[in-house]
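This is what each chain is made of:
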Number of protein chains: 2
Amino acid sequence: MAAERVNSGEDGGADLYLELAPTGPRRAALAAALREAVRSGRLTAGTRLPPYRALAIDLGVARNTAADAYAELVAEGWLTARQGSGTRVAERVAAVRPPSATKPASGRAGVAHNLRQGQPDGASFPRTAWVAAMRHGIGAAPSEAFGPGDPQGRVELRRALAGYLARVRGVRTAPEHIVICSGFAHGLRLIFGGGVLAGPLAVEAYGLAFHREILTAAGVRTVALGLDERGTRTDLLVAHPATTSRHGARSVLLTPAHQFPVGGPLHSARRGTAVDWARTRGGVVLEDDYDGEFRYDREPVGAVQGLDPEHVVYMGSVSKSLSPAIRLGWMVLPPRMVDDVLAAKGLREAWAGVGDQLALADFIESGQYDTHVRRMRRRYRSRRAQLVAALAERAPHVTVTGIAAGLHAVLRLPPGTEAQTVARATRRGIALDGLASFRHPESPQPHEDGLVVGYATPPEHRYKAALDALCAVLPPRK
Amino acid sequence: MAAERVNSGEDGGADLYLELAPTGPRRAALAAALREAVRSGRLTAGTRLPPYRALAIDLGVARNTAADAYAELVAEGWLTARQGSGTRVAERVAAVRPPSATKPASGRAGVAHNLRQGQPDGASFPRTAWVAAMRHGIGAAPSEAFGPGDPQGRVELRRALAGYLARVRGVRTAPEHIVICSGFAHGLRLIFGGGVLAGPLAVEAYGLAFHREILTAAGVRTVALGLDERGTRTDLLVAHPATTSRHGARSVLLTPAHQFPVGGPLHSARRGTAVDWARTRGGVVLEDDYDGEFRYDREPVGAVQGLDPEHVVYMGSVSKSLSPAIRLGWMVLPPRMVDDVLAAKGLREAWAGVGDQLALADFIESGQYDTHVRRMRRRYRSRRAQLVAALAERAPHVTVTGIAAGLHAVLRLPPGTEAQTVARATRRGIALDGLASFRHPESPQPHEDGLVVGYATPPEHRYKAALDALCAVLPPRK
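Source: prediction; values computed, not measured.

Asker: Let's hear about the overall build of chain A: which residues, and what values?
Answerer: Check the secondary structure of chain A and you find 14 helices and 19 strands. Oriented by its inertia axes, the alpha-carbon framework of chain A measures out at about 90 × 55 × 45 Å. Burial statistics for chain A: of 478 residues in total, 61% are counted as buried. Considering only contacts in chain A between residues 6 or more positions apart, those separated by 24 or more positions represent 72%. Accessible surface, chain A: about 17400 Å² in total, of which carbon and sulfur atoms supply 54%. Averaging the coordinates of the 60 positive side-chain charges in chain A and doing the same for the 46 negative ones gives two points 6 Å apart.

Asker: Explain the nonpolar core to me, and be specific about the residues and the numbers.
Answerer: Grouped together as the largest cluster of nonpolar side chains are 137 residues, with contacts concentrated most on Trp130, Trp330 and Leu360 of chain A together with Trp130, Trp330 and Leu360 of chain B. Among all residues touching Leu360 of chain B, those that are not within four sequence positions of it are Trp130, Leu157, Val318, Leu322, Leu328, Trp330 and Tyr369 of chain B.

Asker: Explain the packing of aromatic side chains to me, using residue names and the numbers behind them.
Answerer: Throughout the structure, instances matching the rule amount to 17 aromatic pairs over all chains. Ring centres of Trp130 of chain A and Phe363 of chain A lie 5.5 Å apart, and the angle between their planes is 70 degrees; this geometry places the pair in the edge-to-face category. Remark: Phe363 of chain A occurs in helix α11 (residues 354-365) and Trp130 of chain A occurs in helix α4 (residues 127-140); sequence separation between them is 233 residues. Both residues of the pair, Trp130 of chain A and Phe363 of chain A, count as buried. With a centroid separation of 5.3 Å and 85 degrees between ring planes, the pair formed by Phe260 of chain B and Tyr290 of chain B is classed as edge-to-face. Note that Phe260 of chain B is positioned in the loop between β11 (251-254) and α9 (268-281) and Tyr290 of chain B in the loop between β12 (284-288) and β13 (312-317), a separation of 30 residues in sequence. Through a chain of ring-to-ring contacts, the aromatic side chains of Phe125, Trp130, Tyr164, Phe363 and Tyr369 of chain A together with Phe146 of chain B assemble into a single cluster. Sitting above the plane of the Tyr463 of chain A ring, Arg383 of chain A keeps its charged end 4.9 Å from the centroid.

Asker: Lay out the side chain of Ser124 of chain B with the relevant residues and their values.
Answerer: Residues and elements named next belong to chain B. Topologically, Ser124 is positioned in the loop between β5 (113-114) and α4 (127-140). At 2.6 Å, the side chain of Ser124 and the backbone oxygen of Asp121 are in polar contact. Aside from chain neighbours lying at most four places away, what touches Ser124 is His372, Arg375, Met376 and Arg379.

Asker: Could you give an account of helix α1 (residues 26-39) of chain B, naming the residues involved and the relevant values?
Answerer: Residues and elements named next belong to chain B. With 14 residues, α1 extends 20 Å from end C-alpha to end C-alpha; this agrees with the ideal 20 Å at 1.5 Å per step. Where α1 is concerned, the buried positions are Ala29, Leu30, Ala31, Ala33, Leu34, Arg35, Ala37 and Val38. The inward-facing, buried residues of α1 abut β2 (16-20), α2 (52-59), α3 (63-76), β3 (79-82) and β4 (86-89). Count one or two residues on from α1 and you reach Gly41, which has phi positive near 85 degrees.

Asker: Give a description of the sheet that holds strand β15 (residues 399-401) of chain A that names residues and reports values.
Answerer: All names here are of chain A. Here four strands make up an open sheet; going across it, the order is β15-β16-β19-β18 and the pairing antiparallel. Strands with a single pairing partner mark the edges of an open sheet, and in this sheet they are β15 and β18 (433-434). One ladder, built from two bridges, connects β18 with strand β19 (residues 450-454); its direction is antiparallel. Paired with Asp433 across the two strands is Val452, which belongs to β19.

Asker: Account for the sheet that holds β11 of chain B, naming residues and giving values.
Answerer: Residues and elements named next belong to chain B. Taking strand neighbours across the sheet as the criterion, the seven strands line up as β6-β14-β13-β12-β11-β7-β8 in an open arrangement whose pairing is mixed. Among the strands making up the open sheet, the edge pair consists of β6 (178-181) and β8 (222-225). Strand-to-strand twist of the sheet, defined as the mean angle between neighbouring strand axes without regard to direction, takes the value 20 degrees. Here helix α6 (residues 184-193) sits on the sheet in contact with β6, β7 (201-204), β11, β12, β13 and β14 (329-332), set at roughly 145 degrees to β13.

Asker: Could you give an account of the packing of helix α1 (residues 26-39) of chain A against helix α3 (residues 63-76) of chain A, naming the residues involved and the relevant values?
Answerer: Residues and elements named next belong to chain A. For the pair α1 and α3, interaxial distance at closest approach is 9 Å and the crossing angle is 45 degrees. Comparing the axis directions of α1 and α3 gives the class oblique. Remark: the crossing between α1 and α3 carries right-handed chirality. Listed contacts from α3 to Arg26, Arg27, Leu30, Ala31, Leu34 and Arg35 of α1 are Thr65, Ala66, Asp68, Ala69, Tyr70, Glu72, Leu73 and Glu76. Of the residues that constitute the contact of α1 with α3, the class distribution is seven nonpolar, one polar and six charged.

Asker: Let's hear about the domain arrangement of chain A: which residues, and what values?
Answerer: Residue and element names in this part refer to chain A. In terms of domain boundaries, chain A breaks down into domain 1 (2-89), domain 2 (113-120 + 371-473) and domain 3 (126-366). Using C-alpha coordinates to define each centre, domain 2 is positioned 25 Å away from domain 3. Summed over both sides, the interface of domain 2 with domain 3 buries roughly 2600 Å², with 60% coming from carbon and sulfur. Summed over the shared surface of domain 2 and domain 3, the result is 15 residue pairs in polar contact (both at pLDDT 80 or more). The set of elements that each furnish at least two residues to the side of domain 2 that touches domain 3 consists of α12 (368-394) and β16 (408-412). Take the side of domain 2 that touches domain 3: its biggest share by element is seven residues, from α12. Looking at side-chain class alone, the side of domain 2 that touches domain 3 contains 16 nonpolar, 12 polar and seven charged residues.

Asker: With reference to specific residues and values, describe unusual backbone geometry.
Answerer: Across the junction of Gly199 of chain A and Pro200 of chain A, the peptide omega takes the value -5 degrees, indicating a cis bond. Assignment of secondary structure puts Pro200 of chain A in the loop between α6 (184-193) and β7 (201-204).

Asker: How would you explain the side chain of Gln305 of chain B if you had to name every residue and give the values?
Answerer: All names here are of chain B. Examined against the element boundaries, Gln305 turns out to sit in the loop between β12 and β13. By relative accessible area, which is 1% here, Gln305 ends up buried. With residues up to four places along the chain from it excluded, the contact list for Gln305 reads Gly170, Val171, Arg172, Thr173, Glu287, Val312, Tyr314 and Val332.

Asker: Mind laying out the state of the cysteines, listing which residues take part and the relevant values?
Answerer: This structure, assessed with the given rule, holds zero disulfides over all chains. Looking at Cys181 of chain A, it has no disulfide partner, and the nearest cysteine sulfur is the one in Cys181 of chain B, 19 Å off. What makes Cys181 of chain A buried here is its relative accessible area of 1%.

Asker: I'd like a description of the environment of His408 of chain A, backed by residues and values.
Answerer: All names here are of chain A. Within the secondary structure, His408 sits in strand β16. Residues His408 and Phe260, 148 residues apart in the sequence, show an inter-C-alpha distance of 9.5 Å. There is a polar contact of 2.9 Å between the side chain of His408 and the backbone oxygen of Pro261.

Asker: Account for the environment of Asp339 of chain A, with residues named and values stated.
Answerer: Inspection of the secondary structure puts Asp339 of chain A in helix α10 (residues 338-345). When the C-alpha atoms of Asp339 of chain A and Arg53 of chain A are compared, they prove to be 58 Å apart, with 286 residues separating the residues in sequence.

Asker: Please give an account of the pattern of salt bridges that cites residues and values.
Answerer: Taken as a whole and judged by the stated rule, the model has 44 salt bridges over all chains. In this structure, Glu72 of chain B and Arg27 of chain B form a salt bridge, with 3.0 Å as the shortest nitrogen-oxygen distance. With a gap of 45 residues between them, Glu72 of chain B in helix α3 and Arg27 of chain B in helix α1 connect regions that are remote in the sequence. Judged by its relative accessible area of 38%, Arg27 of chain B is partly exposed. Ionic contacts of the salt-bridge type, sharing partners, join the residues Arg27, Arg35, Asp68 and Glu72 of chain A into one network.

Asker: Before we move on, can you summarise the environment of Val131 of chain B with the specific residues and values?
Answerer: By the element assignment, Val131 of chain B lies in helix α4. Taking the C-alpha atoms as reference, Val131 of chain B lies 40 Å from Ala436 of chain B; in sequence the two are 305 residues apart. If near-sequence neighbours (up to four positions away) are discounted, Val131 of chain B is found in contact with Met134, Arg135 and Ile138 of chain A.

Asker: Before we move on, can you summarise the packing of helix α2 (residues 52-59) of chain A against α3 of chain A with the specific residues and values?
Answerer: All names here are of chain A. The interhelical angle for the contact between α2 and α3, taken along N-to-C directions, is 125 degrees, at an axis separation of 8 Å. One way to sum up the angle between α2 and α3 is to call them oblique. Judged by the twist between their axes, the crossing of α2 over α3 is right-handed. From α2, Tyr52, Arg53, Leu55 and Ala56 reach across to α3, where they touch Arg63, Ala66, Ala67 and Tyr70. Of the residues contributing to the contact of α2 with α3, the split by class is six nonpolar, no polar and two charged.

The rules behind each value
Each residue is numbered by its place in its chain's sequence as written, counting from 1. A letter from A marks each chain and a number from 1 marks each ligand, given out in the order of writing. Residue-level local features of this predicted model are given only where pLDDT is at least 70; pairs of side-chain atoms are given and counted only at 80 or more, and the full residue set underlies all totals for whole chains, interfaces and linings. Excluded from the side-chain calculations are hydrogens and water; all other atoms, namely the structure's heavy atoms, are used. The helix count covers DSSP runs of H or I at least four residues long, the strand count covers runs of E at least two residues long, and both are numbered beginning at the N terminus. Only protein chains enter the accessibility calculation, which uses a 1.4 Å probe. A residue is then buried if its area is under 20% of the maximum for its type, exposed if over 50%, and partly exposed in between. Contacts are assigned to residue pairs that have any heavy atoms within 4.5 Å of one another. Using the Shrake-Rupley algorithm and a 1.4 Å probe, accessible areas are obtained, with residue cover drawn only from the displayed protein chains. The convention is simple: Lys and Arg are positive, Asp and Glu are negative, and His and the chain ends are not counted. Note that the charge is assigned to NZ on lysines, CZ on arginines, CG on aspartates and CD on glutamates. By nonpolar core is meant a set of buried Ala, Val, Leu, Ile, Met, Phe, Trp, Tyr and Cys residues that side-chain atoms within 4.5 Å join together. Ring geometry is summarised as follows: Phe, Tyr and Trp rings, the Trp one being its six-membered ring, pair when their centres sit within 6.5 Å, and such pairs are stacked at plane angles under 30 degrees, edge-to-face over 60 and tilted between the two. Cation placement over rings: the criterion is NZ of Lys or CZ of Arg within 6 Å of the ring centroid and within 35° of the ring normal. N or O atoms within 3.5 Å of each other form a polar contact, as long as, within protein, one can give a hydrogen and the other can take it, and as long as residues adjacent in sequence are counted only when both atoms are side-chain atoms. A helix is expected to reach a length of 1.5 Å times the quantity of its residues less one. Pairing between strands is defined by DSSP: at least two bridges between the two strands are required. Between the N-to-C directions of two axes lies an angle of 0 to 180 degrees, each axis being a line fitted to C-alpha atoms and, for a helix, fitted only over the stretch in contact. Working definition: roughly parallel below 35 degrees, roughly antiparallel above 145 degrees, roughly perpendicular at 65 to 115 degrees, and oblique for all remaining angles. Here a crossing is called left-handed whenever its near helix is offset anticlockwise from the far helix by less than a right angle, and right-handed whenever the offset is clockwise. Ten residues, namely Ala, Val, Leu, Ile, Met, Phe, Trp, Tyr, Cys and Pro, are considered nonpolar, four, namely Asp, Glu, Lys and Arg, are considered charged, and the remaining ones, Gly among them, are considered polar. The domain boundaries here were taken from an automatic or database domain assignment. Defined here as a combined quantity, buried area equals the accessible surface (1.4 Å probe) lost by two parts on assembly, summed across both. Note on terminology: pairs of cysteine sulfur atoms within 2.5 Å are recorded as disulfides. By definition here, a salt bridge exists when the distance from a side-chain nitrogen of Lys or Arg to a carboxyl oxygen of Asp or Glu is within 4 Å.

Structure representation (structure tokens):
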């Protein structure tokens, strides 16, 4: 077989790769090659072919040979020729092609109401403002921004984050101590999978199973710290043999602003204890500030990092504040850890897209990020109020906790009713999780039944219906 | 310490986190808190503070108390108050802050001429067209696009790629057999690190050390196949005991369109051999089509995948065709491998940004991608011609090979002169690599001295100077 690549490239039109039989009449060979390309599904319905003149030039055949071959396939119904839109593969040919994959994003199939925690409503994404920030950010960037990327992340974004996190979260850092990643999970992989920190790692008795899986995959054993009314028992880091002599955790992963998913901030005394422990034992506190921007009261919620930037790794992302579709997160690191994290990341940026980095930098600097967070805070506060009101009216025996902040609440259930309630909800097309699915397998304390209800995901017009459906599956008063 | 978060949020202005001493006059406490926040560098130069009215409301202090505190810090020079721009942290305060990180992307420091292979000139990135594609793509996407992402990638992009790769590269696939990733390296990590395929893996005697490192890290032993005038010795997969009985490679990684970095296409007989081997031994051919779009002649270069979609994994990315700053790659998989790759990737998209995916889909569908590739092909062809002409004039004893395609050429050097030539180039600020740095440590054949010269990276106005500098460091005729 001889083959030709049609670089109509040089004079307009689309590229086309064709294999022509080396012998025999050119028109027949060309027609056969085109027919085969369409029949095999290689050229799909609607695909635009190069002008026959360009095709002729590139194949080195006479113009009318190419024109005749096109005409032949048009006559046979393989191609269509329309004024203006040129020659294309006929639509009806699509019938022979396998259907395109159109399965919805995982976990959404067959769900009438999505009350899973932690997913902002996709409809709330600020498309116009984001694209404007992308235009500004890309427009203002130097050419080197579009070459191989600095694995630390664009300095424009690190500068914007240093200022924003200081102003809003009380974080104390500088751009050179921030490393950009593609989300919290990526950060965990870099720090533990990359050998920056080693286990055992103390974690909260309740947390995201996905994070525990990442740690396990990285060979890190986790030790669970119980919770009480003051939040996670960081006092056990020092006092409890389970995490010093026997397990000997060298770092602790906390969600101090709003314990995930139980809720409630870490008491100031417990914050101090964690930081003191890290300072005196040479440990590290990993602060997962997953929804720190969404607080609905006056309680102090400055980042623990602000207490001791030398011993706290502060991590955040845009997954809840903006969208999980934008794959950007950040690690605010103690200066001594920066090089190790960069070494774990590699010589060049392989993960975080530069366009998104430049867009987010502009989005923050222009104040659009504040504006979006405020808008969402208003919306979530009102959704939270609707949830509380609905429960007070229809299920007063169910208490709601953890609602001072965040995108979800915890509904406390009568002992032994959690599993059946989750099952009932699932049967009725309500997606939500029981507290049990967040419990550390070696949690030191007895489980309390509860539902983790995310109120951010349903579209505005479906939220009331979602609450009605939720109330209908709650267990009756005992 | 008591603390307040200023949610001037609800009525305009920026958020501000402040810690006030619980006792003593409010004005003094507020002034002290602001002063400390600025002195510590937490509030950086130029940061806009909320209007004093909003601050007063949120702190629960009298308006004039907040106004007086602001006035006090303005008087002290910590803050500036300007009509229109409100109250901001004074610029001169920046002096006390550490400088921002501004180190260039790795490998660029102190380089006058960058002739490293494989990096498109950042200045060639089509900013305007890309942002337009982003606007269209994001504008046309359904809301669910901004929720948790399908790990397979956006269907809009998989559809566009299926059509494009079929039309331009002869790939035969359907959207449901494509998985999006953040680049070729990510694809390798998923396939071997994720346990989709196991070693040993046959590779080409010359290739990217970075890729070998990824495979080694994944515990995959690589077996080197030699090269000759027909390209990589895929015939050895069957004949040579080194890759059957003794090593038993179960898959082979090839760059058939343009061997990297030596150059030259894989001979059709060798293509057939590789595919036959995979079919008869239940093996897999991994096709790295890193620069398949950039060919400057009529030689057939259809993807090997088109020969047998059931046994070839076709991989590509935008790193060379568009920019390494856009972190998008694709794996065209044999149907039976799709689920395993998705399992390795996880429940949700954690890597490839949805914005970039939607933008690239639109960029391809609109024909902009073809337009950009053609523009770059013209530019590279002319740079290639300038390189060949410069060498013919100033170093006729140096032969150039591998220039039928791609973004780089190989300059053959007299035996034993490679290392010193690279060292001389480095001393003169020319960044390039010798062929030796791409050689597999267990390559079965003797090394031939050569330089790998990338001609895509220098800006247009610097290219001639780069060629002059290059010719000046080449070894003299023996």
